[in-house]
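Residues per chain, in single letters:
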Amino acid sequence: MKTTLKRSFALILVAACVFALGVTVFAADEAAAAAVVTDGEAAVAAADGTGSKALAAAICVGLAAAAGAIAMGIAIAKSSEGISRQPEASDKIRTGLMLGLVFIETAIIYALIVAILIIFVL
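Rules of the game
- Residues numbered from 1 in each chain as written.
- Predicted model: local features only at pLDDT ≥ 70, side-chain atom pairs only at ≥ 80, totals over all residues.
- Heavy atoms only, no water.
- Helix = DSSP H or I, 4+ residues; strand = E, 2+ residues; numbered from the N terminus.
- Expected span 1.5 Å × (residues − 1).
- Buried < 20%, exposed > 50% of the residue type's maximum accessible area, 1.4 Å probe, protein only.
- Salt bridge = Lys/Arg side-chain N within 4 Å of Asp/Glu carboxyl O.
- Core = buried A, V, L, I, M, F, W, Y, C linked by side-chain atoms within 4.5 Å.
- Contact = heavy atoms within 4.5 Å.

1. A closer look at helix H3 (residues 90–120)
Phase 1 of the analysis: Along its 31 residues, H3 runs 45 Å from first to last C-alpha, staying within 8% of the 45 Å computed at 1.5 Å per residue.
Phase 2 of the analysis: For H3, every residue scored as buried is listed here: Ser90, Ile93, Leu97, Leu101, Ile104, Ala107, Ile108, Ala111, Val114, Ala115 and Ile118.

This is the structure:
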């Protein structure tokens, strides 16, 4: 079970790095848009900014969802092994599994929220 928790924390760390990547892409795009002077160039920069935002959001949600799916698969596999080895401890194993799955899903939902913020607010 400790190995599964370590992997889950590692995947959450990967999700945090993806969030940072999305923010970095957006910050670089804003710096480029600030240098624009004319109206025609501003329209082109706004179109480029939309594409960068979409790319950052897609990377953010995609990697977080993939990492979460892998973590959930590992957790479910390990809990099934644990239940098959000790059927009398199935209630405790199932409770720990559900709590772990909730934490993993929360990280994925945070990635979705960050993606929505990147697209609509920033």
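2. Re the pattern of salt bridges
Phase 1 of the analysis: Within the structure shown, the criterion is met by 2 salt bridges.
Phase 2 of the analysis: Across the pair Arg94 and Asp91 runs a salt bridge, and its minimum N-O distance is 3.5 Å. Placement of both Arg94 and Asp91 in helix H3 is noted, with a separation of 3 residues, approximately one turn of the helix.
Phase 3 of the analysis: According to the relative accessible area criterion, Asp91 is exposed, its value standing at 53%.

3. Some remarks on the nonpolar core
Phase 1 of the analysis: Ranked by size, the top nonpolar core spans 7 residues in total: Ala71, Met72, Ala75, Leu97, Leu101, Ile104 and Ile108.
Phase 2 of the analysis: Of all elements in the fold, only helix H2 (39–85) and H3 reach the threshold of two or more residues within this core.
Phase 3 of the analysis: The element contributing the most residues to this core is H3, with 4 residues.
Phase 4 of the analysis: Those residues in contact with Leu101 that lie beyond four places of it in its chain are Met72, Ala75 and Ile76.
Phase 5 of the analysis: The next biggest cluster of nonpolar side chains, apart from the first, holds 6 residues, and it includes Ala56, Cys60, Ala64 and Ala111.

Spatial relationships are all this shows, so hold off on functional conclusions.
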